[in-house]
Amino acid sequence: QVQLVESGGGLVQAGGSLRLSCAASGVTFSSSTMAWYRQAPGKQRELVAGILSGGYTNYADSVKGRFTISRDNAKNTVYLQMNSLKPEDTAVYSCAATTQLGFRNLQYWGQGTQVTVSS
């Protein structure tokens, strides 16, 4: 059974930092594409950052230069370091793991963690 457990969310003032963690189990982590998504109230879920098994990263334009995604394959954990946080970063952040089974891509989700940035 695949489990993704996020932690590290909370309340922070604008300009502050948070580090989110997502611990994965039940999935071949090292070969999985990992990503962080967020969904603010009344808005669609959006991709924040992704990291391929080889380490290549991709970011939403809104977080480039402020957020950094990384992974520790030995710990089956993906991180999202968030600096210079803005009120518009307030959302539920979820991590996702995408693995390949034959010709199919399987995606798994965590339960999410709330990030609230006060102005």
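Cut-offs used in this document
Residues numbered from 1 in each chain as written. Predicted model: local features only at pLDDT ≥ 70, side-chain atom pairs only at ≥ 80, totals over all residues. Heavy atoms only, no water. Pairing = 2+ DSSP bridges. Helix = DSSP H or I, 4+ residues; strand = E, 2+ residues; numbered from the N terminus. Axes fitted to C-alpha atoms, helices over the stretch in contact; angles between N-to-C directions. Core = buried A, V, L, I, M, F, W, Y, C linked by side-chain atoms within 4.5 Å. Buried < 20%, exposed > 50% of the residue type's maximum accessible area, 1.4 Å probe, protein only. Contact = heavy atoms within 4.5 Å. Salt bridge = Lys/Arg side-chain N within 4 Å of Asp/Glu carboxyl O. Disulfide = S-S within 2.5 Å. Phe/Tyr/Trp six-rings, centres within 6.5 Å; stacked < 30°, edge-to-face > 60°.

Colleague: Could you give an account of the sheet that holds strand β8 (residues 77-82), naming the residues involved and the relevant values?
Modeller: The strand order β1-β3-β8-β7 describes an open sheet built from 4 strands, whose pairing is antiparallel. The two strands at the open ends of the sheet, each matched to only one other strand, are β1 (3-7) and β7 (67-72). Strand-to-strand twist of the sheet, defined as the mean angle between neighbouring strand axes without regard to direction, takes the value 15°.

Colleague: Talk me through the nonpolar core; I want residue IDs and the actual numbers.
Modeller: Trp-36, Leu-80, Met-82 and Tyr-93 are the most contacted members of the largest nonpolar core, which has 29 residues in total. Among the elements of the structure, β3 (18-25), β4 (33-39), β5 (46-51), β7, β8, β9 (91-101) and β11 (113-118) are those that each provide at least two residues to this core. Every residue in contact with Leu-80, bar those within four places of it in the chain, is listed here: Leu-18, Arg-19, Leu-20, Trp-36, Val-48, Ala-49, Phe-67, Thr-68, Ile-69 and Tyr-93.

Colleague: Tell me about the pattern of salt bridges, and name the residues and values.
Modeller: Applying the stated criterion to the full structure yields 4 salt bridges. Linked through salt bridges whose partners overlap, the residues forming this network are Arg-38, Glu-46, Arg-66 and Asp-89.

Colleague: Describe in detail the state of the cysteines, supporting the description with residues and values.
Modeller: Applying the stated criterion across every chain, the model contains 1 disulfide. Here Cys-22 pairs with Cys-95 through a disulfide, and the sulfurs are 1.9 Å apart. Here Cys-95 lies in strand β9 and Cys-22 lies in strand β3, a separation of 73 residues in the sequence. In this pair, the class of Cys-22 matches that of Cys-95, namely buried.

Colleague: Explain the packing of aromatic side chains to me, and be specific about the residues and the numbers.
Modeller: Counted by the stated rule, this structure contains 1 aromatic pair. Ring centres 4.8 Å apart and planes at 55° place the aromatic pair Tyr-37 and Trp-109 in the tilted group. With Tyr-37 in strand β4 and Trp-109 in strand β10 (residues 104-109), this pair connects stretches of sequence that are 72 residues apart. Accessibility expressed as a relative area gives 18% for Tyr-37, which makes it buried. Classification of Trp-109 by relative accessible area gives partly exposed; the value is 31%.

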